[in-house]
Each structure stands twice: as C-alpha cells, then as structure tokens.
Amino acid sequence: MSVRNADHVHGAQSTPQQAVAAQRLPYPISAMRSLFLISLVATSLNIAAGAPPSGLYNEALSFQKPFLDISGDEFLDVASEWLDDAKKAILKGKKNLDKWFHDGREFIKQDNLLYEYITHPEFQKYDLRVTEPKLCDPTVKQLSGYLDIAEDKHLFFWFFESRNAPADAPLILWLNGGPGCSSSTGLLFELGPCAVANEGRNVTSNPYSWNTNANIIFLDQPVNVGYSYADDGTSVNNSPVAGKDVYAFLELFLNRYPQYSKAPFHIAAESYGGTYAPNIANVIFKANQELAVSPKAHVKHINLASVILANGLTDPYIQHGSIADWACEGPYAVYNDPQGPECEALRTKIPTCQRLVKSCYNFNSRFTCVPAMAYCNSQLFGPLMQLGLNPYDVRRKCDRNSDGPLCYKQMEWIDTWMNEPSNKAAIGVNPSRNFESCNMAVNQAFALAGDGAHNSAILLPELINSGIRLLVYAGNADMMCNFIGNERWVEKLETQFTSEFTQAQPVPWITIETGRSAGTVRSAGGGGFGAGNVTFVTVHEAGHMVPYDQPEAALDLITRWTQDISLSVTN
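Rules used throughout
- Residues numbered from 1 in each chain as written.
- Predicted model: local features only at pLDDT ≥ 70, side-chain atom pairs only at ≥ 80, totals over all residues.
- Heavy atoms only, no water.
- Disulfide = S-S within 2.5 Å.
- Helix = DSSP H or I, 4+ residues; strand = E, 2+ residues; numbered from the N terminus.
- Buried < 20%, exposed > 50% of the residue type's maximum accessible area, 1.4 Å probe, protein only.
- Salt bridge = Lys/Arg side-chain N within 4 Å of Asp/Glu carboxyl O.
- Pairing = 2+ DSSP bridges.
- Phe/Tyr/Trp six-rings, centres within 6.5 Å; stacked < 30°, edge-to-face > 60°.
- Polar contact = N/O pair within 3.5 Å; in protein donor to acceptor, adjacent residues only side chain to side chain.
- Expected span 1.5 Å × (residues − 1).
- Bend = angle between axes of the 7 residues up to and from the residue.
- Core = buried A, V, L, I, M, F, W, Y, C linked by side-chain atoms within 4.5 Å.
- Contact = heavy atoms within 4.5 Å.
- pLDDT = per-residue confidence, 0-100.

**Remarks on the state of the cysteines**
Within the structure shown, the criterion is met by five disulfides. Residue pairing for Cys-353: its cysteine sulfur links by disulfide to Cys-376, the two sulfurs lying 2.0 Å apart. Across the disulfide from Cys-353 to Cys-376, rotation about the S-S bond amounts to roughly 110°, and the bridge is consequently right-handed. With Cys-353 in helix H9 (residues 341-363) and Cys-376 in helix H10 (residues 366-384), this residue pair connects regions lying 23 residues apart in the sequence. Grouping residues by exposure puts Cys-353 and Cys-376 together as buried. Between the sulfur atoms of Cys-360 and its disulfide mate Cys-369 the distance is 2.0 Å. Between Cys-360 and Cys-369, the S-S dihedral sits near 85°, and the bridge is therefore right-handed.

**Observations concerning the pattern of salt bridges**
Inspection of every chain in the model, using the stated rule, returns 19 salt bridges. Asp-137 serves as the salt-bridge partner of Arg-163, at 2.8 Å between the closest nitrogen and oxygen. Of this pair, Arg-163 sits in the loop between strand S6 (153-160) and strand S7 (171-175) while Asp-137 sits in the loop between strand S4 (126-131) and strand S5 (142-149), and the two are 26 residues apart along the sequence. On the basis of relative accessibility, which here comes to 5%, the residue Asp-137 falls in the buried class. As a salt-bridge pair, Arg-395 and Asp-549 come within 4.0 Å of each other at their nearest N and O atoms. With Arg-395 in the loop between H10 and helix H11 (400-403) and Asp-549 in helix H18 (residues 546-549), this pair connects stretches of sequence that are 154 residues apart.

**Regarding the pairing of strand S2 (residues 105-110)**
In terms of burial, S2 is a largely internal element, five of the six residues being buried. Looking at chain direction, strand S1 (residues 99-102) and S2 are connected through four bridges and run antiparallel. Bridge pairing in S2 links His-102 to Arg-105. As paired strands, S2 and strand S3 (residues 113-118) are joined by four bridges and run antiparallel to one another. Residue pairing across strands places Lys-109 opposite Leu-114, the latter belonging to S3.

**Thoughts on the environment of His-102**
Looking at the element boundaries, His-102 is found in strand S1. Overall, the relative accessible area of 45% leaves His-102 in the partly exposed class. Separated by 14 residues in the primary sequence, His-102 and Glu-116 have C-alpha atoms spaced 9.9 Å apart.

**Side note on the packing of aromatic side chains**
For the structure on display, the rule yields 21 aromatic pairs. Ring geometry for Phe-157 against Phe-253: centres 6.0 Å apart, planes inclined by 80°, an arrangement best described as edge-to-face. Taken as a pair, Phe-157 in strand S6 and Phe-253 in helix H5 (residues 239-256) lie far apart in primary sequence, 96 residues in all. On the basis of relative accessible area, Phe-157 is assigned to the buried category, the value being 0%. Looking at Phe-253, the relative accessible area reads 0%, which means it is buried.

**Details of the side chain of Ser-271**
Here Ser-271 lies in the loop between strand S12 (265-270) and helix H6 (273-293). Overall, the relative accessible area of 0% leaves Ser-271 in the buried class. Polar side-chain contacts of Ser-271 include one of 3.0 Å to the side chain of His-544.

**Remarks on H10**
Its 19 residues place the ends of H10 26 Å apart at the C-alpha level, agreeing with the 27 Å of an ideal helix rising 1.5 Å per residue. Where H10 bends most, at Ser-378, the angle is about 30°. Among all positions of H10, only Thr-368, Cys-369, Ala-372, Met-373, Cys-376, Asn-377, Leu-380, Phe-381, Gly-382 and Leu-384 are buried. One side-chain oxygen of the residue at the start of H10 lies 3.0 Å from the amide nitrogen of Phe-367, identifying that residue as Ser-365.

**Details of the nonpolar core**
Formed by 154 residues in total, the largest nonpolar core has its most connected members in Trp-210, Phe-253, Tyr-473 and Trp-489. Residues within four places of Trp-489 in sequence aside, it is in contact with Leu-309, Thr-314, Asp-315, Ile-318, Gln-319, Ala-457, Leu-460, Leu-470 and Val-472.

**Some words on unusual backbone geometry**
With the exception of glycine, the majority of residues adopt a negative phi angle, and the majority of peptide bonds are in the trans configuration. With a phi angle near 50°, Asn-198 is a residue other than glycine that sits in the positive phi range. Position of Asn-198 among the secondary structure elements: in the loop between strand S8 (194-197) and strand S9 (202-205). By relative accessible area, Asn-198 is classed as partly exposed at 28%. The backbone of Asn-311 shows a phi angle near 40°, a positive value even though the residue is not glycine. Take Asn-311: it is sitting in the loop between strand S13 (304-310) and helix H7 (316-320). Residue classification places Asn-311 among the buried residues on the basis of a relative accessible area of 0%.

**Some details on the confidence of the model for the chain**
In the predicted model, the chain carries a mean pLDDT of 85, and 84% of its residues have values of at least 70. Predicted confidence for residues 1-76 stays below pLDDT 50, and this span has 306 contacts to residues more than four positions away or in other chains.

In structure tokens:
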C-alpha cells in the first residue's frame, strides 16, 4: 500500500471457475497456479523447486510462531505482535503514515510496520519502503519491502548480499515469469539462499545459492504478483511498461545503497522472463544513453553487464517451430516414432502457427498477437499436455492430484511459508495480505494483450553490439521452452558475433568444483579468454528449472558467467 493511500487491499486471487478454465488451456507458463495459462510459456517457473536441501532443517530458519488463521483488518491491530521489542518501542505513540528523521534517514510507520522511507527527486512518482529482515539466510545482510508507484501500485522486493566478498560481488536481478508468478518461487525453490521444506513449515539452507558469490535482488513484478499489489486492483499487461517500473526501482535502490552501484549488473530471468528481461534491459540501455548526453544529479548510470535468459520464451516464431523436433527427435523425445502420426500432426500445425506469429511481429497488435498465441498453444502444446508427463521435466510423470497443478508440490509449500504472519511482518509485508505464487488474473491480462507472441529477441542486437553480453541456457528435458528452439534463435540473432557463433561448435562444459560434465557450450566473442559475448549453454539432465535439477552446475554457470570466466575450460 502506498504511503499516500491507506486502504488495505487483499492480493488478487483466481476464482475456481478461472482455475478450471486455465487447466484446459495448453500453454506453458512456468510457475502458474494453473498449469496451462493461456499466456504462454511461462516464465520463470521459478518453481524452481528448490535448491538442493541440505538434508537437515535449520532451526534458526524455522517458524517461531504457529500460523494464525486471521485475515482482513484484524491484522492491522496485531501486526506489531510480530515485531521485535526495538521496533515496537520506535513505533509506540506514532500514527499510521507518520514520517520522521533519525540519523539522517527518513522513516515511516505503515500498517503498524516500520520502514525506512526513500525518495528520489527525479522519480517523484516512486518511493521505496525498506526493512531489514533476518529470515532465510541470517548470515548475510538483507533488505526487503516495496517500491510504491504513482500512489496505488506496489512492487515487493527481497535483497540478499553475497555470502562471500559482497563489496566486490556482482549484482543480479532475478525475475520469474508466468507472467504472473512471484520471484519468491525462485528464491525458495530454485536458486535462493534457502529452500522451502516440510510442507512449508520450515526452510533449509541452500549451499548452492546464487548469492554465494553475488548480491541478488528478487523482485515481484508486475503488480499483483506475489506480495506486489495495486490498491485499485489494476495490473500492468505488457513487458515494456513493466520495464519502466523496474528501471525506477533500480535507480532508487542504487542511489540509497551506492555500494552496489559500481558492480557489474546482470538481469537474469526464467521462462516468460525471456520476454520480460530484454524489455527491461532495453529500458535501462536507453536511459543510460540519455544520461550520457544529458547527465542528471543523483541519476546513476546502471552498469548493465549482461542479460541472462533461462529456459526462456524470447522468439516465439523460431521456438514454436522447434516443438516437433524436440518432441519427436530430441534426447527425451515424448513420441516413439519420429515419422508416426503424432509427430506428423505436430509438424503440419507449425506453418500456420508461424504464419500467425509473423503477423504479430509485423503488426504488433493484440488483434494479430492474441490469435497467434491461441492457435499455437492449442494446436502445438495441447497434445503434449495430455501425455501425463511433467511438461517442465519430461523425465518425470505428473499426477496433479498429488503433485499439484504445476507438477511440483513445493509450490503449495511456498504459499504456506510466505503466508505465515511472522514471516510477512519480518520482510515488511502487511500480515493481512495474501500471498499466491502465481496470479491467474495477471497472466490472463498479458495473454489478452498478446504480449507473449511478441519478438523480444529483436531488442537484443543493439545491446550486444554495444558490449552487453548475452547468456542463454536451457535444460534439455524441458518441454515448455525447449533447448533446441532456444539455441536456434540465438544462432539467428543478427549481431557482430553472428558469423563466429554460427561457426562455433558445442564443446563440453565441465564444472570446476567436481569436474563433472554438465552440458555443452557454444560461444562467440571474448577472444577465447572469457565467457563470451553471445553464449548458449545446453544443460544436461535438467528441465525448466536448471538450478533445482542441477544445483552445483547452475552455481558454476552463474559464477563463471558473472566473473567472465570461460565455460569451455576447466581451469
């Protein structure tokens, strides 16, 4: 809720009718409450089930209070129950929305919670509310809270410093997709400092967290995703608009915490994040260009170093064209006979799908883009969804009665942990606010705008030619955003590195820690000394959520990439 609007609004929830309808839709969306959200491949399913648990529950990270079944305005009177004595003392006697200065910083009381209040003269429609939790990984510095936008929209974020040398570590922004799925699913189920466990009653320490060697921000965007919310219930429904909000967040955050502003900055996004991330990177790139011409006080050049796309949806025309090849002839083919009727049927549908997607590319209208999504989803993904397999990892079967609608029961565990009142209060969330890993309404809004049929790859060449690096990686058992299509669109990307990448042959990728073969890498640029300017990695024995399936390899990949160390050598 905004400091300018004291109304308390519950997070949007899908109705039972929406949920049933969604399950009939065959489109892949990564961490959706319903497996088939018409919105397309989802995005970071960051369902990423979580980081490899350490095996033992860390009691320091477990619940301190039982879950209370209280909702609504009742929490407004008891939110302070979950605060420590020091914060209670600070807030005593202050009214809601009171602001005051202390030690050169401004603070605000809101929802009976204490925040530092951060503004910026060049971004007057935005402010930050920040608290400092100790959950998940108490050994590192944390920041969490909200970006308030234009009085009525609020994006939740959670930041973790690097476990090692945070002053010298790169900064990563992690986004899940959906669209409509919270980055908290990635945090608690894939690459974050802790992993949800014990049906959501506890979390365990993740030894392969990406904050091992990087500072990392998990951001719930757009509004109405996860803990993010809009006072009037409206939501962003396209990736370019979402990009502007993320840019404003980064400017406020880096101005308040300048110790992270000099580090290389990397945007990493999964699944539908393959659509989000290029748009966000483009906004940052353009803003940096404008700033170079007309500098502004307190507006920082964001040191954008790379874009990282994980099993993403970025160029639907090329990626949809790969579906039959992956399903019929890939390493985990789901049909036995490449020339059989199922494979022939898939192949006959691809030309129409691609023709419709090309119309979307050409005219950029929801009247062309929505039909393209509808046809491709129903005709290409529809048959695949009837196979009884986990579409995010076809090595496994999926019983949605026991595994959940997304084939990972941990998704429901995340909702349980994130809805524990003491956890909410600790990270600066009104305990009355309901958390859902994925929001169907947001997903449908993007779908009805045709956002998922757009070509986001077209935004990347200018950035790459200016020195911003691109890493695309994909697990080879993922059916939703398969590795064949991802490699093909990277190969077709027209940059100064196209010829070199086309000629590059896949070479083994061997992890440094264990010397294990984790996949293959193709790379161009860097003169053979770094990780490359355009790099594609196939991750073996992994599905949509690579950090869940191959945690050691994923940490090796992100560490070497952000430190610009070649992936094709072992030392």
